[in-house]
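Residue-level listing of the chains:
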Amino acid sequence: MKIAVCIKQVPDTETKVRIAADGRSLDETGVTFVVSPYDEIAVEEGLRIKEKRGGEVVAFSVGDERVSTSLRTVLALGADRAVHLKDPAFENSDALGLSRILAAALKPEAFDLILFGKQAVGTDRGQLGPRVAELLDLPHVGVVVRLALEGDRFTAHREVEGAQEVMEGGLPVVLTAQKGLNEPRYASLKGILAAKKKEIKVLTIAELGLNPSMVGSAGARTRWEKLELPPARTAGKILKGMDPGEAARELVRLLREEAKVI
Amino acid sequence: MAQDVLVFVESRGGQIKRPSLEALSEGRRVAAALGSHLVALLAGSGIEAKVTQLFPLGPDRILLADDDLLGLYQPEAYASLLAEAVRRIQSGTVLLSATSLGRDLGPRAAAKLDAGLAADCTHVEVTNGELVVKRPVYSGKALATVRFSGSPVFVTLRPNVFPLRSSEETSPEIERLELNFDPARARVRAVRVEESVGAEQDVSEASIVVSGGRAMKGPENFALIRDLAQALGGAMGASRAAVDAGWIDHQYQVGQTGKVVSPNLYIACGISGAIQHLAGMSSSKVIVAINKDPEAPVFKLADYGIVGDLYEILPKLTEEVRKLKGQS
Ligand SMILES: Cc1cc2nc3c(=O)[nH]c(=O)nc-3n(C[C@H](O)[C@H](O)[C@H](O)COP(=O)(O)OP(=O)(O)OC[C@H]3O[C@@H](n4cnc5c(N)ncnc54)[C@H](O)[C@@H]3O)c2cc1C
Ligand SMILES: Nc1ncnc2c1ncn2[C@@H]1O[C@H](COP(=O)(O)O)[C@@H](O)[C@H]1O
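Residue positions within a chain follow its written sequence, with the count starting from 1. Chains and ligands are labelled sequentially in the order written, the chains with letters from A and the ligands with numbers from 1. Local features in a predicted model are, by the rule used here, given only for residues with pLDDT of at least 70; side-chain atom pairs are given and counted only at 80 or more, and totals for whole chains, interfaces and linings are based on all residues. Hydrogens and waters are ignored; side-chain quantities use all the structure's heavy atoms.

**Some details on the interface of chain B and chain A**
Right, so step 1: At the junction of the two partners, chain B supplies 87 residues and chain A supplies 78 residues.
Right, so step 2: For the chain B and chain A pair, buried surface summed over both sides reaches about 7,400 Å², with 53% attributable to carbon and sulfur atoms.
Right, so step 3: Each salt bridge in this description consists of a side-chain nitrogen of Lys or Arg and a carboxyl oxygen of Asp or Glu lying within 4 Å of one another. Inspection of the region where chain B meets chain A yields ten salt bridges.
Right, so step 4: For this analysis, a polar contact is any N or O atom pair within 3.5 Å, provided that within protein one partner can donate a hydrogen and the other can accept it, and provided that sequence-adjacent residues contribute only side-chain to side-chain pairs. Applying the counting criterion to the chain B and chain A interface returns 43 residue pairs in polar contact (both at pLDDT 80 or more).
Right, so step 5: The secondary structure listing takes helices from DSSP runs of H or I that are at least 4 residues long and strands from runs of E that are at least 2 residues long, numbered from the N terminus. Per-element accounting of the side of chain B that touches chain A gives the leading share, nine residues, to helix α3 (residues 100-112) of chain B.
Right, so step 6: Any two strands are treated as partners once DSSP identifies two or more bridges connecting them. Pairing analysis gives seven bridges linking strand β9 (residues 163-170) of chain A to strand β13 (residues 188-195) of chain B, with the strands arranged antiparallel. Residue pairing across strands places Ala163 of chain A opposite Glu195 of chain B, the latter belonging to β13 of chain B. Contact between two residues is taken to exist if any of their heavy atoms lie within 4.5 Å; hydrogens are not considered. Two parts placed together each lose some accessible area; with a 1.4 Å probe, that loss summed over both constitutes the buried area.

**What about the site of ligand 1?**
Right, so step 1: One heavy atom within 4 Å of a molecule or strand makes the whole residue count as near it. Neighbouring residues of ligand 1: 26 residues in total, closest Arg214, Ser239, Thr257, Ser272 and Gln276 of chain B.
Right, so step 2: Flanking ligand 1 are residues from chains A and B.
Right, so step 3: Arg240 of chain B has a polar backbone atom sitting 2.9 Å from an oxygen atom of ligand 1.
Right, so step 4: Within the backbone of Gly270 of chain B, a nitrogen or oxygen atom sits 3.1 Å from an oxygen atom of ligand 1.

**Brief notes about helix α2 (residues 75-89) of chain B**
Residue and element names in this part refer to chain B.
Right, so step 1: Working rule for helices: expected span equals 1.5 Å times residues minus one. The end-to-end C-alpha distance of α2 is 21 Å, a good match for the 21 Å that 15 residues give at a rise of 1.5 Å each.
Right, so step 2: Within α2, twelve of the 15 residues are buried, leaving the element largely enclosed by the surrounding structure.
Right, so step 3: All buried positions along α2 are accounted for by Pro75, Glu76, Ala77, Tyr78, Ala79, Ser80, Leu81, Leu82, Ala83, Ala85, Val86 and Ile89.
Right, so step 4: Measuring from the backbone nitrogen of Glu76 back to the side-chain oxygen at the start of α2 gives 2.8 Å, which picks out Gln74 as the cap.
Right, so step 5: Just downstream of α2 lies Gln90, where phi reads positive at about 50°. Classification of residues uses two cut-offs on accessible area relative to the type maximum, computed with a 1.4 Å probe and protein chains only: under 20% is buried, over 50% is exposed, and between them is partly exposed.

**A closer look at helix α1 (residues 18-34) of chain B**
All names here are of chain B.
Right, so step 1: The end-to-end C-alpha distance of α1 is 24 Å, a good match for the 24 Å that 17 residues give at a rise of 1.5 Å each.
Right, so step 2: The element α1 is largely enclosed, with a buried count of 13 among its 17 residues.
Right, so step 3: Positive phi shows up at Gly35, right after α1, with a value of about 70°.

**Considering the packing of helix α3 (residues 95-106) of chain A against helix α4 (residues 128-135) of chain A**
All names here are of chain A.
Right, so step 1: Axes here mean lines fitted to C-alpha atoms, for a helix over just the part in contact, with angles spanning 0 to 180 degrees between N-to-C directions. The N-to-C vectors of α3 and α4 enclose an angle of 50°; their axes lie 9 Å apart at closest approach. Comparing the axis directions of α3 and α4 gives the class oblique. At the point where α3 passes α4, the crossing takes the right-handed sense. Here Ala95, Leu96, Leu98, Ser99, Arg100, Leu102, Ala103 and Leu106 of α3 lie close against α4, whose contacting residues are Leu128, Arg131, Val132 and Leu135.
Right, so step 2: Under the grouping applied here, Gly and all other residues not named as nonpolar or charged are polar, the nonpolar ones being Ala, Val, Leu, Ile, Met, Phe, Trp, Tyr, Cys and Pro and the charged ones Asp, Glu, Lys and Arg. Among the residues forming the contact of α3 with α4, the class breakdown is nine nonpolar, one polar and two charged. Roughly parallel means an angle under 35 degrees; roughly antiparallel, over 145; roughly perpendicular, 65 to 115; everything else is oblique. Crossing handedness: left-handed means the near helix sits turned counterclockwise from the far one by under a right angle, and right-handed means the same turn made clockwise.

**Let's talk about a negative patch on the surface**
Right, so step 1: On the surface, Asp243 and Glu246 of chain A together with Asp309 and Glu312 of chain B cluster together into a negatively charged patch.
Right, so step 2: Relative to the elements of secondary structure, Asp309 of chain B occurs in the loop between β18 (304-307) and α8 (310-324).
Right, so step 3: Taking relative accessible area as the criterion, Asp309 of chain B reaches 33% and is therefore assigned partly exposed. Surface patches are defined over residues having more than 30% relative accessible area and no salt bridge, joining like charges when they lie within 9 Å and nonpolar side chains (Val, Leu, Ile, Met, Phe, Trp, Tyr) when within 5 Å. Accessibility throughout is a Shrake-Rupley quantity obtained with a 1.4 Å probe, and a residue counts as covered only by protein chains that appear here. Only four residue types enter the tally: Lys and Arg on the positive side, Asp and Glu on the negative side; His and the chain ends are excluded. Charge positions are represented by NZ for Lys, CZ for Arg, CG for Asp and CD for Glu.

**What to know about the domain arrangement of chain B**
Reports often express the size of an interface as the amount of accessible area lost when the parts come together.
Residues and elements named next belong to chain B.
Right, so step 1: Domains are outlined according to an automatic or database domain assignment. Partitioning chain B into structural domains gives domain 1 (5-185) and domain 2 (208-324).
Right, so step 2: For domain 1 versus domain 2, the distance between C-alpha centres works out to 32 Å.
Right, so step 3: Tallying the contact residues gives seven residues for domain 1 and eight residues for domain 2.
Right, so step 4: Per-residue buried area on domain 1 facing domain 2 is highest for Ser139, Arg158 and Asn160; these three make up 68% of the total on that side.

**Some thoughts on the nonpolar core**
Burial of nonpolar side chains together is a common tendency in soluble globular proteins.
Right, so step 1: Ranked by size, the top nonpolar core spans 40 residues in total, and within it Ile3, Val5, Leu113, Val141, Leu147, Phe154 and Leu175 of chain A carry the most contacts.
Right, so step 2: Apart from the residues within four sequence positions on either side, Ile3 of chain A is in contact with Gly46, Ile49, Lys50, Glu56, Val57, Val58, Phe111, Leu113 and Leu115 of chain A.
Right, so step 3: We call a set of buried residues a nonpolar core when its members are Ala, Val, Leu, Ile, Met, Phe, Trp, Tyr or Cys and they connect through side-chain atoms within 4.5 Å of each other. Listed in part, the 38 residues of the second largest apolar core include Ala247 of chain A together with Ile208, Tyr252 and Ile306 of chain B.

**A few points about the site of ligand 2**
Residue and element names in this part refer to chain A.
Right, so step 1: Of all residues adjacent to ligand 2, which total 18 residues, the nearest are Cys6, Asp39, Val62, Gly126 and Gln127.
Right, so step 2: The backbone of Ala120 places a nitrogen or oxygen atom 2.8 Å from an oxygen atom of ligand 2.
Right, so step 3: One of the backbone nitrogen or oxygen atoms of Gln127 is found 2.7 Å away from an oxygen atom of ligand 2.
Right, so step 4: Among the secondary structure elements, those contributing two or more residues to the shell around ligand 2 are β4 (56-62), α3 and β6 (113-117).
Right, so step 5: If one sorts the elements of the shell around ligand 2 by residue count, β4 sits on top with three residues.

**Let's talk about the sheet that holds strand β7 (residues 116-121) of chain B**
All names here are of chain B.
Right, so step 1: Here we have seven strands laid out as an open sheet, ordered β7-β11-β6-β1-β4-β5-β12, and parallel in their pairing. The sheet is open, and its two borders are formed by β7 and β12 (173-176), each paired with just one other strand. For this sheet the average axis-to-axis angle between neighbouring strands, irrespective of direction, equals 20°.
Right, so step 2: Note: strand β6 (residues 93-97) against strand β11 (residues 153-157), five bridges, orientation parallel.

Now the structure itself:
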């Protein structure tokens, strides 16, 4: 089995958001960067499949130098090698640009399984899995909470409102991972040491054969014009020190007469 | 005349999904602002009779794709249908609701057309003839304003955020759209849908949500949450602490790694208000917190709150609601 996992480095979910001076991006001072939580689930799934069936797990990430630490993390978890897609021309790529970069990098390797997170936390887009599948002319199943492989066939349960859709198909396929699929492992000391010797190959725009007008700001079809903090909520009415029955009655009255929601 | 606005209308089990009606309603407003026509694409199986439900929302034209193959979601078939519709009417703006189907279909169809997409938007404006949208990012801790270039542009709209406005009832032109997709080419197939056990309302679709956290102490106490939710006609939710403890299934989890909800009323019971929980519910219209700790962060976000023991308060609250609704 040749398995690819696409990972994104994102601000830790505890990050306190401050807006940068340009008014349209996150102020990154003091921010800790981690592998996006859903991508960890994708990595875990890849590793489990490899452990059962053999083969290799290759991690891909688009980003600047800082991203290599996240690729190293994934190698420490057990991925065999990593590909870092790094070029100044890639900066400010939107989902369309990123999908072109990843598709160009994935295509020549003919993977049986390509795993994504259901969305990258932070930008919360959830676009790249289906987009890359389309560019590679592969089928995809999004938001997978259960996966069973048998030979070159798979059954995947996908989470939808109030139900799961059970999807069947054959490899190769693109899947996006949702929480519930597995519990990601932690890196072992042995894994961390082994990761130091593993390969992170850097590929640039020229090596991918992409035209600069297709990626980065030049190729972007969406751009963030402004980033702002959400409007502050006005202080609420908090009922304190009341008898439970009285408080319940008052709350129901407020919800009925003032907020008009019940 | 500007390029048409196309709204994808989703159905499940022969029923039109309400969030799609919200998208159509917003589409009416956007089309008016752009000075363009509004076209609805209604897709599904056995859906033809439902088409009249769209009339009050004012589409100028309806494309009807009624095909057995569209009965269950198939990403490739659906994407090929939507891309075909966009090309056919040369749409410049494509709206979908950000349901699980919309969030999956949108990017795949956009990729077919080299189009940009802004996901899960909560505001849509037209300024100087251009579409500008806002979407929550960093788990709702910030709001990004997104502009587009190129055409068409795709936007998915967060369910429960956009109001249903009825417009002047039109008599739209209805046209059949054949699905140009060879089923033999489908490389994945939805074989069945497994309804969740209990098959209650899904948190992400409910207009009232009552959630319980670590303070519930065990699965049996979720009956208190369920009772209040039922009295209010709402759905039940939970924090991750309760889900991880195994007291309630993950499908109920609200938050960063659970579901994002924006109901009219969200009641958080025994939930502290960690940032990752707030990520899933901070866009709710009215937030109520019930917590015994007056310093709990959730009170900072709450419109209303009760400081006290939920085991004493919830039964009373359920009783009051039942009284109000004449259920007792
Ligand atoms: C990457 C990541 C993703 C995460 N994703 C999510 C997510 O999707 N959703 C989510 O919810 N969390 C998520 N979390 C976890 C989150 O950080 C918190 O740990 C979690 O939300 C806490 O749940 P809680 O509020 O129920 O529990 P606690 O924080 O333990 O709060 C319990 C509250 O109950 C109150 N209480 C106790 N007894 C009573 C009583 N008898 N009556 C009234 N009040 C009482 C206490 O005062 C306290 O405020 C995530 C964390 C990480 C790191
Ligand atoms: N810069 C990136 N490099 C590699 N993979 C990425 C990158 N950005 C996003 N992904 C992958 O695409 C998924 C969805 O991301 P998004 O569409 O940005 O929400 C993520 O969970 C990752 O698996």
